[in-house]
Amino acid sequence: MALSILYWLNFVSGTKKLHQKSEVAVKSEHVLKFLYDPELRHVQGRVQASMRDRSYHINITLGDNYTVEDSICDCVNGQDKCHHKASLLLYGYKNVSKTDVRESWIKHPKSGPPKKTMTMDELFPPTPKLANYSHAMDSF
Ligand SMILES: [Zn+2]
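One structure accompanies this document, and this report is about it. Owing to the predicted nature of the structure, the values given are computational and were not obtained by experimental measurement.

**A few points about the layout of surface pockets**
- Within this model, the largest pocket holds a volume of roughly 310 Å³.
- Lining of the largest pocket is provided by 16 residues; of these, Lys21, Cys75, Asn77, His83 and His84 occupy positions nearest its centre.
- When contributions to the lining of the largest pocket are tallied by element, the ones reaching two or more residues are helix H2 (16–27) and helix H3 (83–94).
- Here the lining of the largest pocket gets three residues from one element, more than from any other, and that element is H2.
- Here the lining of the largest pocket is composed, by residue class, of seven nonpolar, five polar and four charged.

**Things to note about the nonpolar core**
- Counting residues in each nonpolar core, the largest one holds 25 residues, and the members touching the most others are Leu3, Phe34, Val43, Leu62, Leu88 and Leu89.
- Looking at this core, the elements that each hand over two or more residues are helix H1 (5–12), H2, strand S1 (31–37), strand S2 (42–48), strand S3 (55–62) and H3.
- A total of five residues in this core trace back to one element, the largest contributor, which is H3.
- Dropping the residues within four chain positions of it, Leu89 is found in contact with Leu3, Tyr7, Trp8, Phe11, Ile60, Leu62 and Val68.

**Looking at H1**
- Within the sequence span of H1, burial applies to Tyr7, Trp8, Phe11 and Val12. Buried residues of H1, seen end-on, are gathered within an arc of 110 degrees and therefore sit on one face of the element.
- The inward-facing, buried residues of H1 abut H2, S3, strand S4 (68–73) and H3.
- Structurally, the start of H1 carries an N-cap: the backbone nitrogen of Leu6 is 3.0 Å from a side-chain oxygen of Ser4.
- A positive backbone phi angle near 80 degrees is found at Gly14, which sits one or two residues after H1.

**Describing the pairing of S2**
- The buried fraction of S2 is high, at five of seven residues.
- Pairing analysis gives six bridges linking S1 to S2, with the strands arranged antiparallel. Its bridge partner being in S2, Val31 is matched across the sheet by Val47.
- Connecting the antiparallel pair S1 and S2 is a turn made up of four residues, with Arg41 showing a positive phi of about 55 degrees.

**Comments concerning the pairing of S3**
- Bridge count for S2 against S3 is seven bridges, and the pairing is antiparallel. Counted as the bridge partner of Val43 is Ile60 from S3.
- In this structure, the hairpin formed by S2 and S3 is closed by a connection of six residues.
- Where S3 hands over to S4, the hairpin turn is made up of five residues, of which Asn65 adopts a positive phi near 55 degrees.

**What to know about the pattern of salt bridges**
- With the rule as written, the count across this model stands at one salt bridge.
- A salt bridge links Arg41 to Asp64, with the nearest nitrogen and oxygen atoms 3.1 Å apart. With Arg41 in the loop between S1 and S2 and Asp64 in the loop between S3 and S4, the pair connects residues that are 23 residues apart, well separated along the chain.
- A residue is classified by how much of its surface remains accessible, and Asp64, at 53% relative accessible area, is exposed.

Parameters at a glance
Residues numbered from 1 in each chain as written. Predicted model: local features only at pLDDT ≥ 70, side-chain atom pairs only at ≥ 80, totals over all residues. Heavy atoms only, no water. 1 Å grid on protein atoms, 1.4 Å probe; cavity = no way out; pocket = protein on both sides within 12 Å on 5 of 7 lines; lining within 4 Å. Points joined across faces, edges and corners; volume = space filled by probe spheres on them. Helix = DSSP H or I, 4+ residues; strand = E, 2+ residues; numbered from the N terminus. Nonpolar A, V, L, I, M, F, W, Y, C, P; charged D, E, K, R; others polar. Core = buried A, V, L, I, M, F, W, Y, C linked by side-chain atoms within 4.5 Å. Buried < 20%, exposed > 50% of the residue type's maximum accessible area, 1.4 Å probe, protein only. Contact = heavy atoms within 4.5 Å. Arc of directions from axis to C-beta. Polar contact = N/O pair within 3.5 Å; in protein donor to acceptor, adjacent residues only side chain to side chain. Pairing = 2+ DSSP bridges. Salt bridge = Lys/Arg side-chain N within 4 Å of Asp/Glu carboxyl O.

Structure representation (structure tokens):
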């Protein structure tokens, strides 16, 4: 599930610098990490700085009508609009397939695997050595 281009367009609207810098960043593959959770409407990522050898972390919460409700980036302009945020929004539109990396994101406790899938062997290791080990862990 890709982000609508409208999120990016609204975000960079009227700011030619943001528009251009984010396009360059995406083309230069400065977006190092992109995670999108459609349920929470949350975008998280890492964008490489254009000059220096470092990267910034960005968190974006999407709002209604293709707007950005809340966003933060740890660059100097991170409280305001910066091209790192814009780059993530553009990346989310262009790279549809990579948005599926959500699976590798932090699992929410509620979506964890059901306990029923564990076998008896997993619950009670058959070898005495492992049994002793788990017993020691219990009393820890
Ligand atoms: Zn930034």
